[in-house]
Amino acid sequence: MIMIRLEPYTSDFQSQWNELVTRSKNGTFLLDRRFMDYHSHRFTDCSLLFFRGSRLVACLPANYVQSEQTVYSHQGLTYGGLIMDDSVGSVEVMQMFSLFRDYYRNTLGATRMIYKPTPYIYHRQASEEPLYALFRNDASLVARGLSTSVNLSQPIPLQARRRSGVRKGIEHRLVITETTDRKDYQEFWDVVNTGLQDRHGVKPVHSVDEMLLLNSRFPNNIRLFVEHDEGGELVAGAWLFITDCVVHVQYMATSNPGRQIGALDYLIATLIEKRPWMILPDGQPLKKAPVFFDFGISTESSGHNLNEGLIFQKEGFGARGICYDFWQLPL
């Protein structure tokens, strides 16, 4: 049997890393170094590569916080963990866990790892071997975010309250368009920022410049849909991250005037039912239709607090629960 070999990631491996993510059974464009590295200055990278002979078969996005003696996989990403091609089996995953535990302990002096596996809805093939490896290596579940997703192949009908909002949107002749215009991005960011400040006292994770940069790097995957009223005022928007299997709503927001006329209900229902994101910016159709429309988590404090109002709104569109987990792995 050919043994797995570990190599620390450097920029020399960027093209190999990205090529693996593209052909992997559980990777998405968020694991592409062009996405990961837009905020690389914020983190001390300690990502790893795993080779079988000369072939790269897996990678592990990770960063290190020395003051905590903790490796994270990865603090700048919603999910991560081992990204594997479809030739990787369970025994090799167990071997990879042994290799990276030894490496982080002996090279960095780390004592633990916070491991965030990629949720199954993003998997192209069954890819939960790392969950078994976490169990075998005495990992413990330390946080669980509850997201909500619509199964687009078997959607649940909208609740009456959401249908009422849709009718208001139709009555007010709201117009939905896709945009890459900086003015629209700025106006949308302002709406998002106002909502987050009013409700949670925080700002969006991304700046307008970062949003535009990521859109320019991944124009088919990162897309902004905005909604205007008859007077041309932006009343709602949704910034989407589109992978092979999932359409994820990174941000969605509506203005106070938009809230009165069902703007967000009309926008989200259109994205779920009409699916304008199936047509790429160049006019070509998506080659592969995603299966899930994911709204993101509705929890705080590592999952101990559930925002019942927020999740009720999302469930009104026929979305149901998906877990985003954090595991603590002793090293």
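Criteria and thresholds
- Residues numbered from 1 in each chain as written.
- Predicted model: local features only at pLDDT ≥ 70, side-chain atom pairs only at ≥ 80, totals over all residues.
- Heavy atoms only, no water.
- Helix = DSSP H or I, 4+ residues; strand = E, 2+ residues; numbered from the N terminus.
- Rg over C-alpha atoms; globule rule 2.2 N^0.38 Å.
- Buried < 20%, exposed > 50% of the residue type's maximum accessible area, 1.4 Å probe, protein only.
- Contact = heavy atoms within 4.5 Å.
- Lys, Arg positive; Asp, Glu negative; His and termini not counted.
- Charge placed at Lys NZ, Arg CZ, Asp CG, Glu CD.
- Pairing = 2+ DSSP bridges.
- Phe/Tyr/Trp six-rings, centres within 6.5 Å; stacked < 30°, edge-to-face > 60°.
- Lys NZ or Arg CZ within 6 Å of the ring centre and 35° of its normal.
- Axes fitted to C-alpha atoms, helices over the stretch in contact; angles between N-to-C directions.
- Expected span 1.5 Å × (residues − 1).
- Arc of directions from axis to C-beta.

*Asks:* With reference to specific residues and values, describe the overall build of the protein.
*Replies:* A count of helices and strands for the protein gives ten helices and 16 strands. Whereas a compact globule of 331 residues would reach a radius of gyration of roughly 20 Å, the protein reaches 21 Å, a difference of no more than 12%. If one aligns the C-alpha atoms of the protein with their principal axes, the spans along those axes are about 65 × 40 × 40 Å. Counting across all 331 residues of the protein, residues that qualify as buried make up 53%. Residue pairs in contact within the protein that sit at least 24 positions apart in sequence constitute 73% of those at least 6 positions apart. A gap of 3 Å separates the mean positions of the 34 positive and 36 negative side-chain charges of the protein.

*Asks:* Please provide a residue-by-residue account of the pairing of strand β2 (residues 48-52), values included.
*Replies:* For β2, the buried fraction is high: five of the five residues fall into the buried class. Side chains Leu48, Phe50 and Arg52 project from β2 onto one buried face, and the interleaved Leu49 and Phe51 project onto a second face that is buried too. Judged from the five bridges that link them, strand β1 (residues 4-8) and β2 form a sheet pairing that is antiparallel. Its bridge partner lying in β2, Leu6 is registered against Phe50. Of the pairings in the sheet, the one linking β2 to strand β3 (residues 55-60) comprises five bridges and is antiparallel in character. For Leu49, the partnering residue across the bridge sits in β3 and is Cys59.

*Asks:* Talk me through the packing of aromatic side chains; I want residue IDs and the actual numbers.
*Replies:* Applying the stated criterion across every chain, the model contains 19 aromatic pairs. Aromatic pair Tyr120 and Phe292: ring centres 6.4 Å apart, planes at 80°, arrangement edge-to-face. On the criterion of sequence distance, the pair formed by Tyr120 in the loop between β7 (112-115) and α4 (129-136) and Phe292 in strand β13 (residues 292-297) is long-range, its members being 172 residues apart. Residue class for Tyr120 comes out partly exposed when judged on its relative accessible area of 45%. Of the aromatic side chains, those joined through ring pairs into one cluster are Phe29, Phe35, Tyr38, Phe218, Trp239, Phe241 and Tyr251. Across the ring face of Tyr9, the terminal group of Arg33 is positioned such that the distance to the ring centre comes to 3.9 Å. When the ring centre of Trp17 is taken as reference, the NZ or CZ atom of Arg33 above it lies at 4.6 Å.

*Asks:* Mind laying out the sheet that holds strand β4 (residues 63-65), listing which residues take part and the relevant values?
*Replies:* Here ten strands make up an open sheet; going across it, the order is β4-β5-β7-β16-β8-β13-β12-β11-β10-β9 and the pairing mixed. In this open sheet, the two edge strands, each paired with only one partner strand, are β4 and β9 (175-179). Direction aside, the axes of adjacent strands within the sheet are offset by 25° on average. Note that strand β8 (residues 140-151) and strand β16 (residues 320-330) share nine bridges and pair antiparallel. By the bridge assignment, Leu141 is partnered in β16 with Trp327.

*Asks:* Hey, could you go over helix α5 (residues 160-171) for me, with residue numbers and the actual values?
*Replies:* In this model α5 runs 17 Å from its N-terminal to its C-terminal C-alpha over twelve residues, within 8% of the 16 Å that 1.5 Å per residue would give. Among the residues of α5, Arg162, Gly165, Val166 and Gly169 are the ones counted as buried. When α5 is viewed along its axis, its buried side chains cluster within an angular range of 100° and face the same direction. Turned more than 90 degrees off the buried face of α5, the exposed positions are Arg161, Ile170 and Glu171. Where α5 is buried, its residues meet α9 (263-273) and α10 (308-315). Residue Arg173 follows α5 closely and has a positive phi angle near 55°.

Functional significance is not addressed by these values, which are geometric in nature.
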